[in-house]
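Breakdown of the fold
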Amino acid sequence: MTLRGENLIGAEARRGTEAAFRAVEAATGEALEPDFPGASLADLDRACALAEAAFDTYRETDPETRAGFLEAIAANILEIGDDLVTRCMAETGLPRPRIEGERARTAGQLRLFAAVVREGSYVEARIDPALPDRKPLPRPDLRLRRIAVGPVAVFGASNFPLAFSVAGGDTASALAAGCPVVVKAHPAHPGTSELVGRAVQKAVASCGLPEGVFSLVFDAGQSIGQALVADPRIAAVGFTGSRRGGTALMAIAAGRPAPIPVYAEMSSINPVLLFPAALAARGAAIGKAFAASLTLGAGQFCTNPGLILAVPGPGLDAFLDAAAAALRESPAATMLTPGIRDAYRAGVDRVAGHAAVTRLAEGPEGAAAQGRAALFATDADAFLADPVLQEEMFGASALVVRCRDLAAMRAVLAHLEGQLTASLHLAPEDHAAARELLPLLERRVGRILVDGFGTGVEVAHAMVHGGPYPATSDGRTTSVGSLAIDRFLRPVSYQDVPDALLPAALQAANPLKLPRRTDGIPDPR
Ligand SMILES: NC(=O)C1=CN([C@@H]2O[C@H](COP(=O)(O)OP(=O)(O)OC[C@H]3O[C@@H](n4cnc5c(N)ncnc54)[C@H](OP(=O)(O)O)[C@@H]3O)[C@@H](O)[C@H]2O)C=CC1
Ligand SMILES: O=C(O)CCC(=O)C(=O)O
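Since the structure is predicted, the reported quantities are computational estimates derived from the model, not experimental observations. (Residues numbered from 1 in each chain as written. Chains lettered and ligands numbered in written order. Predicted model: local features only at pLDDT ≥ 70, side-chain atom pairs only at ≥ 80, totals over all residues. Heavy atoms only, no water.)

1. Some remarks on the site of ligand 2
By nearness alone, 13 residues border ligand 2, and Arg105, Asn159, Cys302, Val457 and His465 come closest of all. Contact distances for ligand 2 include 2.7 Å between an oxygen atom and a side-chain N or O atom of arginine 105. Interatomic distance of 2.9 Å between a side-chain N/O atom of threonine 303 and an oxygen atom of ligand 2. Protein contacts shield 99% of the accessible area of ligand 2, which totals 290 Å² for the unbound molecule. Summarising the domain contributions, the shell around ligand 2 has at least three residues from each of domain 1 (8-266 + 476-488) and domain 2 (271-450). (Near = heavy atom within 4 Å. Polar contact = N/O pair within 3.5 Å; in protein donor to acceptor, adjacent residues only side chain to side chain. Areas by Shrake-Rupley, 256 points an atom, 1.4 Å probe, with all protein chains shown as cover. Domains from an automatic or database assignment.)

2. Looking at the site of ligand 1
In the vicinity of ligand 1 there are 24 residues, among which Ser158, Gln222, Gln226, Ser242 and Met266 approach most closely. Take serine 242: an N or O atom from its side chain is 2.6 Å from an oxygen atom of ligand 1. Within the backbone of methionine 266, one N or O atom sits 2.3 Å away from a nitrogen atom of ligand 1. Its free accessible area being 850 Å², ligand 1 has 85% of it covered by the protein chains. Those elements that provide at least two residues to the shell around ligand 1 are strand 10 (236-240), helix 8 (243-255) and helix 11 (338-352). Looking at the shell around ligand 1 residue by residue, the classes come out as 10 nonpolar, 11 polar and 3 charged. (Helix = DSSP H or I, 4+ residues; strand = E, 2+ residues; numbered from the N terminus. Nonpolar A, V, L, I, M, F, W, Y, C, P; charged D, E, K, R; others polar.)

3. With respect to the packing of helix 2 (residues 63-80) against helix 5 (residues 169-177)
Orientation of helix 2 relative to helix 5, taken along the N-to-C sense of each, is 160°, at an axis distance of 9 Å. With respect to helix 5, the axis of helix 2 lies roughly antiparallel. When the axes of helix 2 and helix 5 are compared, the crossing they make is right-handed. Of helix 5, the residues touching helix 2 (which contributes Arg66, Phe69, Leu70 and Ile73) are Ala172, Leu175, Ala176 and Ala177. Its residues assigned to classes, the contact of helix 2 with helix 5 comprises 7 nonpolar, no polar and 1 charged. (Axes fitted to C-alpha atoms, helices over the stretch in contact; angles between N-to-C directions. Parallel < 35°, antiparallel > 145°, perpendicular 65-115°, else oblique. Left-handed = near helix turned anticlockwise from the far one by under 90°. Contact = heavy atoms within 4.5 Å.)

4. Remarks on the pairing of strand 12 (residues 271-274)
Side chains Pro271 and Leu273 project from strand 12 onto one buried face, and the interleaved Val272 and Leu274 project onto a second face that is buried too. As paired strands, strand 12 and strand 13 (residues 307-310) are joined by 4 bridges and run parallel to one another. By the bridge assignment, leucine 273 is partnered in strand 13 with leucine 309. On the question of chirality, the crossover connecting strand 12 to the parallel strand 13 by way of helix 9 (residues 276-295) is right-handed. Bridge count for strand 12 against strand 19 (residues 419-425) is 3 bridges, and the pairing is parallel. Counterpart to valine 272 in the pairing with strand 19 is serine 423. (Buried < 20%, exposed > 50% of the residue type's maximum accessible area, 1.4 Å probe, protein only. Pairing = 2+ DSSP bridges. Right-handed = clockwise from strand over helix to strand, strands pointing away.)

5. Some points on helix 14 (residues 431-444)
For helix 14, which comprises 14 residues, the first-to-last C-alpha distance of 19 Å matches the rise-based estimate of 20 Å (1.5 Å per residue) to within 8%. Considering bend angle alone, the principal kink of helix 14 is centred on leucine 438 and spans about 40°; proline proline 439 follows within four residues of it. When helix 14 is considered as a whole, its buried residues turn out to be Ala434, Leu437, Leu440, Leu441 and Arg444. (Expected span 1.5 Å × (residues − 1). Bend = angle between axes of the 7 residues up to and from the residue.)

6. Some thoughts on the sheet that holds strand 18 (residues 397-402)
Taking strand neighbours across the sheet as the criterion, the 7 strands line up as 15-17-18-13-12-19-20 in an open arrangement whose pairing is mixed. On the outer flanks of this sheet lie strand 15 (358-362) and strand 20 (445-450), each paired with one strand and no other. Each strand of the sheet is rotated relative to its neighbour by a mean of 20°, with strand direction disregarded. Each of strand 15, strand 17 (374-379) and strand 18 is contacted by helix 11, which is oriented at about 35° to strand 17, the strand it contacts most.

7. Here we look at helix 9
Given a rise of 1.5 Å per residue, 20 residues ought to cover 28 Å, yet the end C-alpha atoms of helix 9 are separated by just 25 Å, more than 12% below that figure. Along helix 9, the positions that sit buried rather than exposed are Ala277, Ala278, Leu279, Gly283, Ile286, Gly287, Phe290, Ala291, Ser293 and Leu294. Where helix 9 is buried, its residues meet strand 12, strand 13, helix 10 (314-329), strand 17, strand 18 and strand 19. With its phi angle positive at about 55°, glycine 297 sits one or two positions after the end of helix 9.

Geometric values such as these leave the question of function open.
Below, the structure written as structure tokens:
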């Protein structure tokens, strides 16, 4: 498929008129064809106007049409074939199996949301029938459903060029909810973005949907993204990236005459708790598995295990020996962009230069575009004394905090900012100690896992990929899994509205065959 460097504004594809940029081959730094002239404010205005015009029609599409649309997007992405994989590999430096896996995940999550739309519980249809004879006052007829919030702005993420980008989780969940989407492409993978954007555009047309259901804009700078968040027609924002970027967008959204929610997934260091009996039983094996998780995708995962907490002893020594040995042999890996590589190196240097930190291991030096793995250690007192030590190093490096006992481990956890995940490595003898920490962990993180690591998020109904600030801007939500749809819905109640005027979801005959509750009890199906 030929790339043209075009913005996709509704059904149109047109080259922008603002400053152009090119993708850069991650491994070599060479510029790739074509150039991508940025969208103008007029282009953005048209995309938002089309989204607004499409909204009322799109949000009332019947479940089969909307589910079929999501499935058509998945099919169209797969149909691009190897062109998508090779372009994505060049732009990101990520290896083929990773990109192929991510493509499957992207198609899978679109299909998951198609199933969610067909099943219908997300509408939360509730009926409290009128009680005209209730004393002392009659009860009105009350019916509730959730509707889409409005057009959604999505920012593609650099580190998941498919699964968290143009047709990734934010887009899939917003479209499933009934929201048109305007995507601001991440400048690190514009070619991948155009290919996927065209797949979505094609699905809009083939499903007979209004053209404004989807637009994709490019920008060499930040003004289009900022104008998108500020646009009064945009009702919510999905973002994955840096804390600085996420908080900047949150400030714009909060400063609007009508503020809107920004669902930003930002920084996380994902504590790993190594309990004494587990370390004694299998310290070396855990160390090896940890090194594999740390170095996955050059460590460019927000779920990367960046903080290890453990009580010193032979078990921890075995863990550290195995982890250090694996990391010393782990080849340096190409990072997504020169900016991300520089930020990683600066973060590593900052920790390496800290007076209370020792370097335990370092991977082999790599090429200019690459990042090398690193493992550092400090103690709980030093960690508690300096907030710099809990800053995310976005890459394959981690800090081990030696805790003199489990009380010190608790103190470190209590001091942590919000996190996406916490991993507990346990043997049965550790359960009592783990149980004590669970309430604290529940307050700090979105996902608690045992005997594993947080990288590789399963796309499922029971997944939470979220967590308290700064892991995300709103810890009540998830950006992965079917619950992600909740971010883009809001409840509307209908009181004494005649059946003929009610939305199909709430009509007496239940023409959409939705699961519903009457007086709080699920209707028989
Ligand atoms: N925890 C996580 O999940 C992730 C964290 N990161 C962190 O982010 C760093 C940079 O990576 P990157 O992925 O580019 O993340 P950024 O947050 O820098 O950028 C993400 C997107 O948001 C846009 N953006 C950022 N700031 C603003 C702003 N003030 N106004 C308008 N738009 C803005 C960017 O545009 P533009 O590029 O033009 O600035 C880009 O499209 C990494 O080094 C890492 O530390 C990255 C990915 C995931
Ligand atoms: O680990 C994953 O699969 C997802 C991680 C993620 O959301 C991220 O790195 O931004």
